[in-house]
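So you can see what is in the structure, the chains are spelled out below.
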Amino acid sequence: VQLQASGGGLVQAGGSLRLSCAASGGTSSNTVMGWFRQAPGKEREFVAAIKWSGGSTRYAEYVKGRFTISKITAKSTVYLQLNSLKAEDTAVYYCAAGSGLISTTMVRPSGYNYWGQGTLVTVSS
């Protein structure tokens with residue numbers, strides 16, 4: 001599976017961005033697509049995930065109500081809508097693909113086999 005992330009940029013606090021992740025070659029009904037982020041000097045952390053079949057989702061507590069993950073199956077693309085952005089949301093955002101339980105395995109980086117190149121989100125305060 002090849003993943004291409006895009007949509008990052010510079011935005012003021014309170015603003016919005018939409019990240020995209022185009023997947024090619026190998027998604028299936030068992031695929032889970034996830035978004036993670038990594039700020040300078042910090043570990044990569046889970047943001048959100050969506051199951052390719054059925055569309056069930058899971059979010060990190062700190063983004064609930066602000067971020068929304070969605071997909072368009074026909075385009076093999078997953079989106080992450082970022083609203084009410086805060087300075088602490090500044091990070092490189094990565095999309096990833098794997099298969100496993102969305103409630104447990106897929107909230108950890110180790111649950112994913114494939115990673116995109118990352119897209120930088122910078123929120124100015």
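As the structure is a computational prediction, the values presented were derived from the model and not from experiment. (Residues numbered from 1 in each chain as written. Predicted model: local features only at pLDDT ≥ 70, side-chain atom pairs only at ≥ 80, totals over all residues. Heavy atoms only, no water.)

Thoughts on the nonpolar core
Alright, step 1. By size, the foremost hydrophobic cluster in this structure holds 36 residues, and its most contacted members are Met33, Trp35, Leu80 and Tyr93.
Alright, step 2. Of all the secondary-structure elements, those providing two or more residues to this core are strand S1 (2-6), strand S3 (17-24), strand S4 (31-38), strand S5 (45-51), strand S7 (67-72), strand S8 (77-82), strand S9 (91-99) and strand S11 (119-124).
Alright, step 3. In contact with Tyr93, other than residues within four places in its own chain, are Leu19, Trp35, Phe36, Arg37, Val47, Phe67, Leu80, Gly118, Thr119 and Val121. (Core = buried A, V, L, I, M, F, W, Y, C linked by side-chain atoms within 4.5 Å. Buried < 20%, exposed > 50% of the residue type's maximum accessible area, 1.4 Å probe, protein only. Helix = DSSP H or I, 4+ residues; strand = E, 2+ residues; numbered from the N terminus. Contact = heavy atoms within 4.5 Å.)

As for the packing of aromatic side chains
Alright, step 1. Overall, the coordinates contain five aromatic pairs when judged by the stated rule.
Alright, step 2. Three or more aromatic residues link up through ring pairs in this structure, and these residues are Phe36, Phe46, Tyr94, Tyr112 and Trp115.
Alright, step 3. A cation over an aromatic ring shows up here: Arg44 above the ring of Tyr94, its NZ or CZ 3.8 Å from the ring centre.
Alright, step 4. Its guanidinium or amino end placed over the ring of Trp52, Lys71 lies 5.8 Å from that ring's centre, counting from NZ or CZ. (Phe/Tyr/Trp six-rings, centres within 6.5 Å; stacked < 30°, edge-to-face > 60°. Lys NZ or Arg CZ within 6 Å of the ring centre and 35° of its normal.)

Section: the environment of Ser84
Alright, step 1. Note that Ser84 resides in the loop between S8 and S9.
Alright, step 2. Separated by 72 residues in the primary sequence, Ser84 and Gln12 place their C-alpha atoms 9.5 Å from one another.
Alright, step 3. Excluding anything up to four places from it in sequence, Ser84 contacts Gly14, Gly15, Ser16, Arg66 and Asp89.

Focus: the side chain of Arg37
Alright, step 1. Tracing the backbone shows Arg37 in strand S4.
Alright, step 2. By relative accessible area, which is 6% here, Arg37 ends up buried.
Alright, step 3. For Arg37, the side chain forms a polar contact with the side chain of Glu45, separated by 2.7 Å.
Alright, step 4. There is a polar contact of 3.0 Å between the side chain of Arg37 and the side chain of Tyr93. (Polar contact = N/O pair within 3.5 Å; in protein donor to acceptor, adjacent residues only side chain to side chain.)

Points about the sheet that holds S3
Alright, step 1. The antiparallel open sheet is built from four strands, whose spatial order is S1-S3-S8-S7. Two strands bound the open sheet, and with one partner strand each, they are S1 and S7. Across this sheet, the average inter-strand angle for adjacent strands is 15°, counted without regard to direction.
Alright, step 2. Judged from the five bridges that link them, S1 and S3 form a sheet pairing that is antiparallel. By the bridge assignment for S3, Ala5 is matched with Cys21. (Pairing = 2+ DSSP bridges. Axes fitted to C-alpha atoms, helices over the stretch in contact; angles between N-to-C directions.)

Any link to function would need more than the numbers given here.
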